[in-house]
Each structure stands twice: as C-alpha cells, then as structure tokens.
Amino acid sequence: MLSISVATEHELAVTHSISTVPRLSELVKVTRDDKIPLGDRHLHVESGKIRCPFDWYDLEPPYLFPESNLTEKNLLALVFYKLGNHQRAFQYLEEGSHLHQDMLIATHLQFGYEINDSMLQWLEKHHPHNLAIVKHYGNLSRREGIFELAMVYQEALSAASDDEELVFSAKHFINHLLDIGETAHVVELARSLLEKTVSSAGKNAIQTLLATALTSQLSVPRDKDVLVEIQNLQQECIIFYESNGDTVNAGLVLIDIAEVAGFQAEYTLAKESINKAIKYFKEADIPEFLGEAILQKAKLLYSWSKNGQSQYYKPSINAFQDALKIFKRDVFPQKFADIHHDLALIYSEIPVAPEEKPIWTAFCASAFKEALAFYTKDEHPYQYGMCCHNYATALIGFPEAKLHNNLEKAAYFFEEALLVRTVEAHPTERALTLLNKLEMEWLLHNENPEAEKERLASMEQDMEEIKRLVNDKGLLRQLEIHENRLEKLKEII
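A. Summary view of the overall build of the protein chain. Of regular secondary structure, the protein chain possesses 22 helices and seven strands. Its C-alpha atoms give the protein chain a radius of gyration of 30 Å, more than 25% over the compact-globule value 23 Å for 493 residues. If one aligns the C-alpha atoms of the protein chain with their principal axes, the spans along those axes are about 100 × 45 × 40 Å. Put simply, of all contacts in the protein chain between residues at least 6 apart along the chain, 57% involve residues at least 24 apart. Distance between charge centroids for the protein chain: 4 Å, based on 49 positive and 74 negative side chains.

So, in structure tokens, the structure goes:
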C-alpha cells in the first residue's frame, strides 16, 4: 500500500491524478494525516512539491529523491516506482530529466544492475548521500575499499542539508562501520547523533545501532554500567516499536534484551522477553525469526540450568528440539549442526540417575556425530576442533561400554582437536585441550611399568607445553594440581 499525505490545497489535484489510472486508487490512499501506517510506502505533497520521506524501516533502497515539482506525470511516476512497477513509472518521465536519471539509478541499485561511470558522475555532481549509498550497496565494476567508502560517507555527512538527512546518511555509514568491526567509531558517532533534534523514527534507528555496537564490544568481565546503558536503549526501542504496532522489530529487540539480561543473570526478565518475542513471531508467521527466538530461549534455559537451576535442563532440551523443527538439516545445515552440538553438551551434563546414564550418553554421542557430520576438519577446522574437544571431554564421563573403550575413543578425539588447535593458531584452546587430556590420562591403565613411565613422561611434556602456551591464573592453578599429583606418583613409582 502507498500513502500520499497532502496539504489541503493539493488534495483534489492528487486525487484526480490517481483517478486517471483505472483501479490505482485501490493501491493508493490520499490523506491529510502525516501519521502513515507502518509498512506503507509514503509520498508527501505540499507547497507544489512532491517529497519522498526518509525510509527508516528499510522498505526500499535508501536512495534519496530530491523534491519534484507537482505535476501529474511526476506524481504518477513516483507512485508506480513506490508500488514496484518500475517499467510503468518510466513511461511518465522524459529521458534525461533529473527525476528520470535518479529513478534509473535507484532502479539499478534495487535490482542489482550495474552502476556505470556516467551514473557515478551524475551522483558526484548532484547528491553525496546517494553516491555513498550506491558505492556501498550498488553493483559496481570496481568496489570501493573500506576506508575509501568511509571517506565518501564522511563527505555525505558534511553535505547533509539538515539534521534528519545527516542522521539518515549516518545510519547507513554505521552499518558499514559495524560490518568492518569499527565499533568504537560507531559508539562515538551514534552518541553524538542522539543529541540532534530529529524524528522519533530517526532517533530509534540510531539507538538500535548504538545498542548493537555496545553489545558487540562486551567482554568478560562485562561492564555493569555499559549493560545498563544497553538495556535502557533497548527498552526505549521496544516502546517505540510497540507504540507504532511494529511487533516484528519489537520481537527482534526483545531477543537482544533477553541476551543482555542473561549476562546479568536476570533470568526472569530474559525469559519474559523471549516469550514475548516468540508470541510476536508466531502472530506474524515468520518461521525463521520464530526459530531464532526459540533458539535464544533454549540457550537461556541452558545457561540458567548451569547456574544452579538444574530443573531447566529438560525444558532447554525441549526448546532446542523445537528449534530443530524449523532449522532443518537440508535448509539450515549449520544451524542444525550447532543445535546438535548444544544438545550434546546438555546430554553430557544433565544430572540423572545411574540407571538412566547409558541412554543419555547414547543421545550425547548421536548429537556429537550430527555436529561433526557438518563441521569437518577440511571445511570447518576451528569448529571441528571445538566439537572434538567437547566430545572427548564428554567421553571421559561416559559409563563403561561393552563394545568399545570410551577412554581410547576420547584419546582419539583429543588428538584430532590438537591437530587443528595448533600452538600458532589457537594457543589458549590448545592449552584447554591438553588440560582435559590430562584428566583422561589419570584414568588410563597400562599393561606394564614401561608403558606407565612412557605415559607419565608424555603427561609431563603436556604440562610443560601448557606453561608455554598461557599465563591465565585459573588455568595455571588447574595445571598445578596435575603437577603435584604427578610428583607424588613419581615418588611412589
């Protein structure tokens, strides 16, 4: 649907122009109200000019059309463009006119057609914002480097005609900065933009991006003041979206709220937020968003269960299983593998009665196999190493098997993990694998004293390597326990 907000003196002229095309009025609403329904595309007519308001909801490419004189042809061209009938739109325009050229470039941008040099020259002459947008999102024969593109955006910000255009350009510049990991620049720029007097939609867009940047900067231990700032930004975004009836975007922010609440162990808030997001996505019938929300709930419950609330292990399993109904292997193979990896960890950790342990270990092994079917050594070495490490660690706690030796199997997967967790590439992960391997070594039994001495010598070498790999006090304390135990055993031998 397209809404055209009009000043009173233009209402009849606009209505007449729309009526010249049969049934067009069924797709176009002419109103004096500037409050446009969410999801509607929008034109505004006032003082003899047609204006395309800023699209803060990303309904179409962020190309800014300059004001056009109010003529029937200009109006109908823009109406059909907004409705997605580009071929019909060009029928109303004279080739070579400013509106024709802008619409041609915007169409190339939208459909991924190549942007040629003459189009770039036009943009350099007429509109820095559109030049930045085309160089960012357009199909160019030569892509701009990340720093060159940043300079183009800086020029667009300097040339902005008012604060609203400045913030609109900055929103897309921030997207670029987030893509290249320049979160510190994002935080500085976004905070300065919030001081500008702009529309509520513009302010909300910047608040959302600032919250994203601050969240991506979090590291352990997480700064409590930053967490509070993120939560405040997210709550304001929720208020904006819900007040405008935009439950889908509200749901996406609610997922983020749940994650941040989980960082602060505010599990009740996290659970309420994620359940609300699930409700919104069910109502909107968006399966992939629903799956992401369910997956976040599963992870939340898993985290809760690991922090003294063991009653949430099984609800977490149920949530992961619900996510698998959406993220199927043939459509979302990586998500499918990740969920099975998480399930494998839960199956290995869940506290159960001894007589139930074999069935849970069978679930665990099956889930690890599903994860490793996707995360192969050649195509996904880092994830392969992680899965092998976790599978080996889980095998240490498996009950004795009749058909194979779980400790020998664990030793195999530890060695597989060490093949990709090299000294040069992943020193900390390698140290963790060596530490867990030491735990396994204590459980092994050798057939003769010579084999026992060889095993202890190998363990001693692993301990020395760990010292060279890390200086983390927690890991070194764990290592010290092994060293003391080894020294006592050597005295006995």
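B. Layout of the packing of helix 16 (residues 333-349) against helix 17 (residues 357-374). Where helix 16 contacts helix 17, the two axes come as close as 8 Å, and the packing angle between them is 155 degrees. With respect to helix 17, the element helix 16 is oriented roughly antiparallel. Considering only the axes of helix 16 and helix 17, their crossing is left-handed. Where helix 16 abuts helix 17, its residues Pro333, Gln334, Phe336, Ala337, His340, His341, Leu343, Ala344, Leu345, Tyr347 and Ser348 lie against Lys357, Trp360, Phe363, Cys364, Ala367, Phe368, Glu370, Ala371 and Phe374.

C. Structural view of the pattern of salt bridges. For the coordinates displayed, the defined rule picks out 21 salt bridges. The partner of Lys171 in a salt bridge is Asp58, and the shortest N-O contact between them spans 3.0 Å. With Lys171 in helix 8 (residues 163-179) and Asp58 in the loop between strand 4 (49-51) and strand 5 (68-69), the pair connects residues that are 113 residues apart, well separated along the chain. As a salt-bridge pair, Glu292 and Lys335 come within 3.0 Å of each other at their nearest N and O atoms. Of this pair, Glu292 sits in helix 14 (residues 287-306) while Lys335 sits in helix 16, and the two are 43 residues apart along the sequence. Of the residues examined, Glu292 reaches a relative accessible area of 28% and is grouped as partly exposed. A residue is classified by how much of its surface remains accessible, and Lys335, at 28% relative accessible area, is partly exposed. Connected through salt bridges with shared partners, the residues Glu415, Lys437, Glu441 and Asp462 form a single ionic network.

D. How the structure looks around the packing of aromatic side chains. Counted according to the given criterion, the structure contains 20 aromatic pairs. Here the aromatic rings of Trp360 and Phe363 are separated by 5.7 Å at their centres, their planes lie at 90 degrees, and the arrangement is edge-to-face. Here Phe363 and Trp360 lie together in helix 17, a separation of three residues that amounts to about one turn. You can call Trp360 buried: its relative accessible area is 11%. Owing to a relative accessible area of 38%, Phe363 belongs among the partly exposed residues under this scheme. Taken together, the aromatic side chains of Phe368, Tyr391, Tyr412 and Phe413 make up a single cluster linked through ring pairs. A cation over an aromatic ring shows up here: Lys335 above the ring of Phe327, its NZ or CZ 5.7 Å from the ring centre. Note that Arg485 overlies the ring of Trp442, its terminal NZ or CZ placed 4.2 Å from the centroid.

E. Highlighting the nonpolar core. The biggest cluster of nonpolar side chains holds 139 residues, and the ones touching the most others in it are Ile4, Leu43, Tyr63, Phe65, Val79 and Met103. No other element matches the nine residues that helix 14 contributes to this core. Apart from residues lying up to four places away in sequence, Met103 is in contact with Phe65, Ala77, Leu78, Tyr81, Ala89, Phe90 and Leu93.

F. Representation of helix 21 (residues 449-469) within the structure. Counted at 1.5 Å a residue, the expected span for helix 21 with its 21 residues is 30 Å, and the 30 Å between its end C-alpha atoms agrees. Among all positions in helix 21, only Glu452, Arg455, Leu456, Met459, Asp462, Met463, Glu465, Ile466 and Leu469 are buried.

G. Representation of the environment of Glu46 within the structure. Relative to the assigned elements, Glu46 resides in strand 3 (residues 41-46). When the C-alpha atoms of Glu46 and Val470 are compared, they prove to be 67 Å apart, with 424 residues separating the residues in sequence. Here Glu46 is in contact with Ala7 and His10, once residues within four sequence places are set aside. A polar contact is formed between the side chain of Glu46 and the side chain of His44, at a distance of 3.0 Å.

The rules behind these values
- Residues numbered from 1 in each chain as written.
- Predicted model: local features only at pLDDT ≥ 70, side-chain atom pairs only at ≥ 80, totals over all residues.
- Heavy atoms only, no water.
- Helix = DSSP H or I, 4+ residues; strand = E, 2+ residues; numbered from the N terminus.
- Rg over C-alpha atoms; globule rule 2.2 N^0.38 Å.
- Contact = heavy atoms within 4.5 Å.
- Lys, Arg positive; Asp, Glu negative; His and termini not counted.
- Charge placed at Lys NZ, Arg CZ, Asp CG, Glu CD.
- Axes fitted to C-alpha atoms, helices over the stretch in contact; angles between N-to-C directions.
- Parallel < 35°, antiparallel > 145°, perpendicular 65-115°, else oblique.
- Left-handed = near helix turned anticlockwise from the far one by under 90°.
- Salt bridge = Lys/Arg side-chain N within 4 Å of Asp/Glu carboxyl O.
- Buried < 20%, exposed > 50% of the residue type's maximum accessible area, 1.4 Å probe, protein only.
- Phe/Tyr/Trp six-rings, centres within 6.5 Å; stacked < 30°, edge-to-face > 60°.
- Lys NZ or Arg CZ within 6 Å of the ring centre and 35° of its normal.
- Core = buried A, V, L, I, M, F, W, Y, C linked by side-chain atoms within 4.5 Å.
- Expected span 1.5 Å × (residues − 1).
- Polar contact = N/O pair within 3.5 Å; in protein donor to acceptor, adjacent residues only side chain to side chain.

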